4 protein chains.
Amino acid sequence: MSWLQTSIMQVRGTGRDRSPDTHSLDEARQQRFHFTIGPYSEPVLQVRPGDRIVVDTRDAFDGKVRSEADLPSRVLTMPFVNPQNGPILVEGAEPGDALAVHIESMKPRGPNPRGTCCLIPDFGALSGTAFTALLNEPLPEKVRKIDVDEEGVYWSRRVTLPYRPHIGTLSCSPELDSINSLTPDQHGGNMDLPDMGPGSITYLPVRTPGARLFIGDAHACQGDGEVCGTAVEFSSTTTIRVDVVKGWNLQWPRLETEHMLMAIGSARPLEDATRIAYKELVLWMEQEFGYDRWDAYMMLSQCGKVRLGNFVDPKYTVGAGIDKKYLQP
Amino acid sequence: MSWLQTSIMQVRGTGRDRSPDTHSLDEARQQRFHFTIGPYSEPVLQVRPGDRIVVDTRDAFDGKVRSEADLPSRVLTMPFVNPQNGPILVEGAEPGDALAVHIESMKPRGPNPRGTCCLIPDFGALSGTAFTALLNEPLPEKVRKIDVDEEGVYWSRRVTLPYRPHIGTLSCSPELDSINSLTPDQHGGNMDLPDMGPGSITYLPVRTPGARLFIGDAHACQGDGEVCGTAVEFSSTTTIRVDVVKGWNLQWPRLETEHMLMAIGSARPLEDATRIAYKELVLWMEQEFGYDRWDAYMMLSQCGKVRLGNFVDPKYTVGAGIDKKYLQP
Amino acid sequence: MSWLQTSIMQVRGTGRDRSPDTHSLDEARQQRFHFTIGPYSEPVLQVRPGDRIVVDTRDAFDGKVRSEADLPSRVLTMPFVNPQNGPILVEGAEPGDALAVHIESMKPRGPNPRGTCCLIPDFGALSGTAFTALLNEPLPEKVRKIDVDEEGVYWSRRVTLPYRPHIGTLSCSPELDSINSLTPDQHGGNMDLPDMGPGSITYLPVRTPGARLFIGDAHACQGDGEVCGTAVEFSSTTTIRVDVVKGWNLQWPRLETEHMLMAIGSARPLEDATRIAYKELVLWMEQEFGYDRWDAYMMLSQCGKVRLGNFVDPKYTVGAGIDKKYLQP
Amino acid sequence: MSWLQTSIMQVRGTGRDRSPDTHSLDEARQQRFHFTIGPYSEPVLQVRPGDRIVVDTRDAFDGKVRSEADLPSRVLTMPFVNPQNGPILVEGAEPGDALAVHIESMKPRGPNPRGTCCLIPDFGALSGTAFTALLNEPLPEKVRKIDVDEEGVYWSRRVTLPYRPHIGTLSCSPELDSINSLTPDQHGGNMDLPDMGPGSITYLPVRTPGARLFIGDAHACQGDGEVCGTAVEFSSTTTIRVDVVKGWNLQWPRLETEHMLMAIGSARPLEDATRIAYKELVLWMEQEFGYDRWDAYMMLSQCGKVRLGNFVDPKYTVGAGIDKKYLQP
């Protein structure tokens, strides 16, 4: 039996017993991609809890960096980066519920799949930026095209990195705001968490009727922090299943894998993102796993795991996790 | 001759020679207030450069905290706080221009004007918050109603504070995003700068046709940092004049008073807000006042002035200023 | 009657009724300057509460930047910068007391007094630094020598700045640690607060018998934040009076001027320095001026004043102040 | 062949070919423990490169929290916490060298070994603290005694955690400063990195003749971030080997294990600690492994690993690591 059978999604999702329909959200269906996540755009698809969706995502550069000569400063126009598929309406999702998104698989898309990694001026963790505004000259601008297949990411003659795909940006619409797709926050957004790959389930707070799911920003692999500002960005065919957990009123996204539960926070400075993640995890252990609050807090001090998602975006993202075995009764 | 004659607004504004029309934006005209600042709402007024607008602003609690018994946690519903008037379209304003907003006067509004100051749970600079997420119990919730007139703010029997009104939230719409009215950023927003009172001119980057000006959040007075989270919030009649400076492509808001120019940054952590403000001021001195970049930087190290706007909102706001006398040729 | 008669120093200092002796701490007496502030160095002077000391301070570069050709990277050796006079023992000062330091006057020292301002590689608020470690190339290195007298700071042909001298670094020794003179903290240290000039009284926590006072780092003037990393650094003759306030167990330095009381915090990020300063001020109002804690907190939100000292040193410094008139009973 | 044969310590250490002497640094030999790390204390031992030292460490509470009734606020006196063994002089170590410290083994010490975990008022990541100074009431104070052996950490009836011992505080003396043992910085200090356990080699910058090694603060296990402020603190018998790498002039500590190299940074805010760690790793790859700087930066964005050490101490600690396989020529 797969661990999925005991996942929160499978145990509490309203669509758990349905036999899922499969929907395609290809380029033709999507037509217009979105650069802001909010309640003001037209839904492209309506699905039911439990359904499967096969999504053709574009890379974070909207496909405009075609060769190593296509410098970002020339071919990109802000804020038109990180295009998102969606919004997808999920029947029955209401404010106060959680939307479960199980990533089933991610495959490189296109006839000759290549990933792209860029050094973008005034962007990245080891550079002055629009927020950490300095008078230093920007770093050199660089583009790297990398062959990618499901066996590996062919970084250089010297180094082949493992293919570890994940979704960088996953969101339900906020209630009133419309937030650019570069920013992570309570709605999800551009979290860039390497854990959000095939086999993971992300739970997002629902703030509008139908949840309005957005998805995009596939990475073939990414290190902790996405330190230079970009991962191996690629266009993907990503298959997800969605479900609705009624009355699970989350404040921040959460993530489940076979062995771990994780709470996710996004903020600046980085300690605030970490505080959010750990506090959410403490409260989760208290509310759903029978832990005394202080026992949970002190025990996480001995066994908590921290994953740095991005620390280059307008808000930084941190996941705080615990091994599920410590949550068994 | 008033200093206004030599202000940037008066020297470079396209409406400088027009005899202004005066428009009223009262409650009836406004009808529906806004809690998010973006391109998706219906304009309530269209004016021409140089025009005057008399705006009836509501207090940041949307008038719902009527007595000291009306605890915020009972009468307020997030995110429906800090209601904004607007959007106001200004003819001729295009992306790449700056909108000048001269605050001419601010008066308490209503038959028995009172201001309101609250301690809101998990909000404020000396408390754990939604972002600085802690396990401490929240501070006590408190409401203070304060009589206000144009002579003073009657804080207590012991203390009368001077009436120093200013506008807390002033914005032009972002291009794509719609940002809640609690957050300051490049578009302006909830800066809570005490300098933004009668006699000041604020310059905002225009990102959409017509600028889409929003205004609200009047304060009868406020200390640096707005440390408890709220000022003496009141409903006001605020009279502004607006103008358009063509081709002045600002990245962040700026402010002018009789004796000072100020650049404004909003970010977390607080040093990033300060960096933005000072960098913008260095570049301004270089681009428009004949300073060598390094001379400007080193001289501001000797004479720059820093104002802390808010350090309680989702982003903190800092103004970096210089005495105009040092900018004369 | 001078306001000093009603100062905390004069009202509560044990030496208030003594007729002060005057001591000279000139170069000959000091002999060896200190680059670290702690309990391990030999006292150079012992004085009594109420005494006056005339101190010959060296500039922060230890006099090694003699011309605009003396680049810091060539003539300075870390950590041998910011030389301090002292330690001075004050009779009767014990851990748990406060040491009051009234700066009576500051004069430029030497036959042809010049100040020095430098751009030091990888130092300053708008540059990558040793702590905000980036891959950008450093800013250009620059030295500026500036004529200084008690009438003005002759920055350039275009600009003469006012002579506003103050002491950048003022400390009592920590109990066990010895802290480099570049870092401000609870012991005082390199606060770089423009308010710490003639007419001010600083109160420092005493942590060792005799207090072990260190002083240095005179500035002819300085803007808020000392943004480029250095002020107009000069060698001075600084006259101080010291006194002991028994049993005033401060956690952080405080400052008094004719019209203001200020609490001082030093930390990173900058919001933590500001939090410390404001919290100390709230507690001070509660403990010594009859304010309810929440009333003090809410009122400072309306009338508190923030001064940014340095935001370039290993910790940033902020003062939070209140007008004394609001503290009258 | 053990991987140690190819470690930097074994390849470059001056003592690599010596047959090591074994020294005992037990309680009797240590006599007086240290709470500050600097050049002013008396050495307790002198060893030669390659030598082995068996160290009896005390727990971070100096053994004063003997039962769950011994509340820290009653039995501890600041700054007398986190006692350190040492200083140990290593022959031949000079400023500009690196000291290698290989932890060979760590065993619980005492007849009935128990670890201690505390919630200390105004300390910990999810609480207001001395630096993040708030007006909230402190969290409840708590003490937890935990049985520990080399098989496990017996947290509760429900949970047994794995025994994963490591050294929390490891330092060479700074040149002039003496830094309390709670603070991590360039000298090492209280890094609280779970990777610093048996099998690891830490490389520390040498700043004084003989290096003056300090060691203490053993943990039976610890989660990422040490979120509640304390690990399972215990007294240990820790066996180390030390060696000297001549002319390896490090700015910050580094760490080597069988499969990973890691650079370590300590700073606030947390992003600054992370920046230091990643920058040091980029430069290391450039200087010693034949990587182009920008290639290293972009590749770490795909494969870098981040470990959060502490985020509760006066500075936060982050390690940035890379798998050694990517460094092979």
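Higher on the page you've got the structure.
Description of the structure in this document. Bear in mind the structure is a predicted one, so any value in this text is a computation, not a measurement. (Residues numbered from 1 in each chain as written. Chains lettered and ligands numbered in written order. Predicted model: local features only at pLDDT ≥ 70, side-chain atom pairs only at ≥ 80, totals over all residues. Heavy atoms only, no water.)

The next thing to look at is the overall build of chain A. Looking only at helices and strands, one finds 5 helices and 19 strands in chain A. Its C-alpha atoms give chain A a radius of gyration of 19 Å, within 12% of the compact-globule value 20 Å for 329 residues. Expressed as a percentage of its 329 residues, the buried residues of chain A come to 68%. Here the analysis covers contacts within chain A between residues at least 6 apart in sequence; of these, 80% occur between residues at least 24 apart. (Helix = DSSP H or I, 4+ residues; strand = E, 2+ residues; numbered from the N terminus. Rg over C-alpha atoms; globule rule 2.2 N^0.38 Å. Buried < 20%, exposed > 50% of the residue type's maximum accessible area, 1.4 Å probe, protein only. Contact = heavy atoms within 4.5 Å.)

So, on to the interface of chain A and chain D. Accessible area lost upon the coming together of the parts is a frequently used measure of interface size. Contacts between chain A and chain D engage 60 residues on the former and 60 residues on the latter. At the surface where chain A touches chain D, the tally comes to 2 salt bridges. In this structure, R144(D) engages D295(A) in a salt bridge whose closest nitrogen and oxygen atoms are separated by 2.8 Å. On the surface where chain A and chain D come into contact, there are 42 residue pairs in polar contact (both at pLDDT 80 or more). If you list the elements that add at least two residues to the side of chain A that touches chain D, you get β7 (114-119), β8 (142-149), α4 (270-288), α5 (293-303) and β18 (305-308) of chain A. With 9 residues, the single largest contributor to the side of chain A that touches chain D is α5(A). Here the residues of the side of chain A that touches chain D sort into 35 nonpolar, 14 polar and 11 charged. (Salt bridge = Lys/Arg side-chain N within 4 Å of Asp/Glu carboxyl O. Polar contact = N/O pair within 3.5 Å; in protein donor to acceptor, adjacent residues only side chain to side chain. Nonpolar A, V, L, I, M, F, W, Y, C, P; charged D, E, K, R; others polar.)

Okay, the pairing of β18(A) next. Residue and element names in this part refer to chain A. Across the two faces of β18 the burial differs, with V306 and L308 buried and K305 and R307 not buried at all. Both β18 and strand β19 (residues 316-323) contribute to a ladder of 4 bridges, which runs antiparallel. Looking at the pairing, L308 lines up with V318 of β19. (Pairing = 2+ DSSP bridges.)

Time to look at the relation of the copies chain A and chain B. If you rotate chain A by 180 degrees and push it 0.0 Å along the axis, it lands on chain B with an RMSD of 0.0 Å. The transformation relating the two chain copies, once decomposed into turn and shift, fits a two-fold axis. Every residue of chain A has its C-alpha some distance from the rotation axis, and the shortest such distance is that of S178(A), at 2.3 Å. Taken together, the interface assignments show that 100% of the residues at the interface of chain A recur at the interface of chain B, consistent with an identical surface on both copies. (Least-squares fit on C-alpha atoms with pLDDT ≥ 70 in both.)

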